Protein chains: 2
Amino acid sequence: MPYEVFYWPGIQGRGEFVRLALEEAGVRYRDAALLPPGKGGGAPAVVAVLAARGERPPFAPPVLRAGRRLIAQTPNILLFLGERHGLAPANEPGKLWTHQLQLTILDLYTEIFDTHHPLSDGYAYEEQKPAARRRTRYFRAERLPKFLGYFERVLKLNSAHAPWLTGARRTYADLSLAQVIAGLHYAFPKASARELRRRPRLRALHDAVFARPRIARYVASGRRYAFNNEDLFRYYPELDR
Amino acid sequence: MPYEVFYWPGIQGRGEFVRLALEEAGVRYRDAALLPPGKGGGAPAVVAVLAARGERPPFAPPVLRAGRRLIAQTPNILLFLGERHGLAPANEPGKLWTHQLQLTILDLYTEIFDTHHPLSDGYAYEEQKPAARRRTRYFRAERLPKFLGYFERVLKLNSAHAPWLTGARRTYADLSLAQVIAGLHYAFPKASARELRRRPRLRALHDAVFARPRIARYVASGRRYAFNNEDLFRYYPELDR
């Protein structure tokens, strides 16, 4: 097995961006989250990999084990996989542009998490509800339209190669953006429906990614965690309008 | 002039990570923040570059113009400059490891900003003081020691090549981490003194970076903005303990 993914069990989280890339690439990997602790999986496996003695320790999951290397930081893992498995352009400008898009997608992802945990995950949601309401109000009014408007514009610029963000082939950034759109549907059904109504290219990207044979097989396999309110995308009706 | 940096005038912000890399590399660049609007500088220059018609539009500053290319996202710009100007290892594992460190440094940077603006920059600090106090309490108690402990550990693993984070030469990640330590001294003089007392390697890294001849010249040139409370590092005595 060439790869092993370490991420907290029970949620998609940032690990899911890595999983979608591995699935689309069609490479085999061991997913520690799906194994019991007795078989080297579960949360203890994540804790162990973070404490591993090695020259290049990860700070936080997700972590990808590739042979003897441990690679961390979601965009960094995707940069690595993109190059190895044809999930990004081979030329340097295309590679950096794909990475730039990915970093912006993950900025949006972080801001989505911040809507329900503006005071950090050091406090439960129930301990920070008024703060979450205020942060989310600004997110819905300003940030979400700004991010989605940007990505719709990028898709339009590449419309000769619809539905992809860049170039003629899907990249890991396409997979990640589709994942964020799926998460937005779960977390903000009203706000995201309103925002996506006038952004047909984002809807088409989402549908095209989840119709990819390998991605569709993965979603149907039962290996993909369902969205749930322990995850980074959370549905709190009081935050959605 | 091969490069031009676009970032908001008056603050260091994320632009400073790019500037420090360019300064250390000894390459010439035009800094739009230091030019008046009439000469293609100031905030209007940033607004213009964000609205530029092009195939690969940036989402937010900093933006680096390199010939006809516009490159955005701080870690992406540093990846580009690191490769071009010997600010990162040339081998692929070393390059990705340096990038991984940089992404973690910028995660810390974002969390520092979040201490005083947990509800986002859509609200003034004065409108979110109780939230800032709660977020900062957790940051000081848990997050700051965790990040600094991690980087101290990484420095120790590379102690054969002290004071650098990786390999025998300084990388852009060293420059960025020294910048974050400088910012912590400004924003959290008490908390950072306490945390750095038992982390000699971080102190040595900071001192070594700011003693580099080109960095020292830059700091003395008057071109580097002073830390100030419009910036992402801010000093609010009520948040420091």
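Residues numbered from 1 in each chain as written. Chains lettered and ligands numbered in written order. Predicted model: local features only at pLDDT ≥ 70, side-chain atom pairs only at ≥ 80, totals over all residues.

Undergrad: Pulling in residues and values, what's your account of the overall build of chain A?
TA: When helices and strands are tallied, chain A shows nine helices and four strands. Of the regular secondary structure in chain A, the N- to C-terminal order runs β-α-β-α-β-β-α-α-α-α-α-α-α. If you line up chain A on its principal axes, its C-alpha atoms span 50 × 45 × 35 Å. Here chain A holds 241 residues, and 47% of them are scored as buried. A separation threshold of at least 6 residues defines the contact pool for chain A, and within that pool the share at least 24 residues apart is 68%. (Helix = DSSP H or I, 4+ residues; strand = E, 2+ residues; numbered from the N terminus. Buried ≥ 20, exposed ≤ 12 C-beta atoms within 10 Å, placed from the backbone. Contact = placed C-beta atoms within 7 Å.)

Undergrad: How would you summarise the sheet that holds strand β4 (residues 69-72) of chain B if you had to cite specific residues and measurements?
TA: Residues and elements named next belong to chain B. Spatial strand order, β2-β1-β3-β4: four strands in an open sheet with mixed pairing. Only two strands of the sheet have a single partner each, and these edge strands are β2 (29-31) and β4. Recorded for the sheet is a direction-independent mean angle of 20° between the axes of neighbouring strands. One ladder, built from three bridges, connects strand β1 (residues 3-6) with β2; its direction is parallel. The residue bridging Glu-4 from the neighbouring strand is Arg-30, located in β2. Contacts from helix α1 (residues 15-25) reach β1, β2 and β3 (63-66), with the element oriented near 160° to β1. (Pairing = 2+ DSSP bridges. Axes fitted to C-alpha atoms, helices over the stretch in contact; angles between N-to-C directions.)

Undergrad: Quick one: what's the story with the domain arrangement of chain A, residue by residue and with numbers?
TA: One frequently used descriptor of interface size is the decrease in accessible area upon assembly of the parts. All names here are of chain A. For chain A, the assigned domains are domain 1 (3-84) and domain 2 (92-223). A straight line from the C-alpha centre of domain 1 to that of domain 2 covers 22 Å. Facing 14 residues of domain 1, the contacting portion of domain 2 comprises 15 residues. Partitioning the side of domain 1 that touches domain 2 into residue classes produces eight nonpolar, three polar and three charged. (Domains from an automatic or database assignment. Nonpolar A, V, L, I, M, F, W, Y, C, P; charged D, E, K, R; others polar.)

Undergrad: Got a sec to walk through the relation of the copies chain B and chain A? Specific residues and values, please.
TA: Overlay of chain B on chain A (RMSD 0.0 Å): rotation 180°, translation along the axis 0.0 Å. Such a combination of turn and shift is consistent with a two-fold rotation axis. Using C-alpha coordinates, one finds that chain B approaches the rotation axis most closely at Pro118(B), a distance of 2.7 Å. Comparing interface residues between copies, 100% of those in chain B also sit at the interface in chain A, which points to an isologous, same-surface contact. (Least-squares fit on C-alpha atoms with pLDDT ≥ 70 in both.)

Undergrad: Explain the pairing of strand β3 (residues 63-66) of chain A to me, and be specific about the residues and the numbers.
TA: All names here are of chain A. Examined bridge by bridge, strand β1 (residues 3-6) and β3 share four bridges and lie antiparallel to one another. Note that in β3 the partner of Phe-6 across the bridge is Val-63. In this structure, β3 lies alongside strand β4 (residues 69-72), joined through four bridges in antiparallel fashion. Its bridge partner being in β4, Arg-65 is matched across the sheet by Leu-70.

Undergrad: Describe the interface of chain B and chain A, with residues and values.
TA: Residue-level contacts link 32 residues of chain B with 32 residues of chain A. The set of elements that each furnish at least two residues to the side of chain B that touches chain A consists of β4, α3 (74-84), α4 (92-116) and α5 (129-157) of chain B. In terms of residue count, α5(B) provides more of the side of chain B that touches chain A than any other element does, nine residues in total. Tallied by class, the residues present in the side of chain B that touches chain A amount to 18 nonpolar, seven polar and seven charged.

Undergrad: So what's going on with the environment of Phe6(A)? Residues and values would help.
TA: All names here are of chain A. Within the fold, Phe-6 resides in strand β1. Classification of Phe-6 by C-beta neighbours within 10 Å gives buried; the count is 27. For the pair Phe-6 and Leu-64, spaced 58 residues apart in sequence, the C-alpha separation works out to 6.4 Å. Once residues lying within four places of it in the same chain are set aside, the contact partners of Phe-6 are Ala-32, Ala-45, Val-46, Val-49, Pro-61, Pro-62 and Val-63.

Undergrad: Provide a residue-level description of unusual backbone geometry, including the pertinent values.
TA: All names here are of chain A. Geometrically, the link from Pro-61 to Pro-62 is a cis peptide bond, its omega value of 5° lying close to zero. With respect to the helices, strands and loops of the structure, Pro-62 is situated in the loop between α2 (42-51) and β3. Look at Ser-120: it is not a glycine, yet its phi comes out positive at around 85°. Given 21 C-beta atoms within a 10 Å radius, Ser-120 is considered buried.

Undergrad: If you had to explain helix α5 (residues 129-157) of chain A to someone new, which residues and values would you point to?
TA: With 29 residues, α5(A) should cover 42 Å at 1.5 Å per step; its first-to-last C-alpha distance of 39 Å lies within 8% of that length. Of all the bends found along α5(A), the most pronounced is centred on Phe139(A) and spans about 50°. (Expected span 1.5 Å × (residues − 1). Bend = angle between axes of the 7 residues up to and from the residue.)

Undergrad: Explain the packing of helix α3 (residues 74-84) of chain A against helix α4 (residues 92-116) of chain A to me, and be specific about the residues and the numbers.
TA: Residues and elements named next belong to chain A. Where α3 contacts α4, the two axes come as close as 10 Å, and the packing angle between them is 150°. By the angle between their axes, α3 is roughly antiparallel relative to α4. Judged by the twist between their axes, the crossing of α3 over α4 is right-handed. Along the contact surface, α3 presents Thr-74, Pro-75, Leu-78, Leu-79 and Gly-82, while α4 presents Thr-98, His-99, Gln-102, Leu-103 and Leu-106. Residue classes in the contact of α3 with α4 are distributed as five nonpolar, five polar and no charged. (Parallel < 35°, antiparallel > 145°, perpendicular 65-115°, else oblique. Left-handed = near helix turned anticlockwise from the far one by under 90°.)

Undergrad: Can you lay out the sheet that holds strand β2 (residues 29-31) of chain A for me, pointing to particular residues and giving the numbers?
TA: Residue and element names in this part refer to chain A. Strand order in this open sheet of four strands is β2-β1-β3-β4, and the pairing throughout is mixed. Edge positions in the open sheet fall to β2 and β4, since each of these has one partner strand only. Between one strand axis and the next, the sheet turns through 20° on average, direction left out of account. Here helix α1 (residues 15-25) sits on the sheet and contacts β1, β2 and β3; the angle it forms with β1, its principal contact strand, is near 160°.

Undergrad: Lay out the environment of Arg223(A) in plain terms, naming residues and giving numbers.
TA: Residues and elements named next belong to chain A. Residue placement: Arg-223 occurs in the segment after α9 (213-220). C-beta crowding within 10 Å serves as the criterion here: with 13 such atoms nearby, Arg-223 is assigned to the partly exposed category. For the pair Arg-223 and Ala-33, spaced 190 residues apart in sequence, the C-alpha separation works out to 9.9 Å.

Undergrad: Give a description of the packing of α4(B) against helix α6 (residues 172-187) of chain B that names residues and reports values.
TA: Residues and elements named next belong to chain B. At their nearest, the axes of α4 and α6 sit 9 Å apart, and the two run at 15° to each other. As far as their axial angle goes, α6 and α4 are roughly parallel. As for the relative orientation of α4 and α6, their crossing is left-handed in sense. Contacts between α4 and α6 involve Thr-98, Leu-101, Gln-102, Ile-105, Leu-108, Tyr-109 and Ile-112 from the former and Tyr-172, Ala-173, Ser-176, Leu-177, Val-180, Gly-183 and Ala-187 from the latter. Along the lines of polarity and charge, the residues of the contact of α4 with α6 split into ten nonpolar, four polar and no charged.

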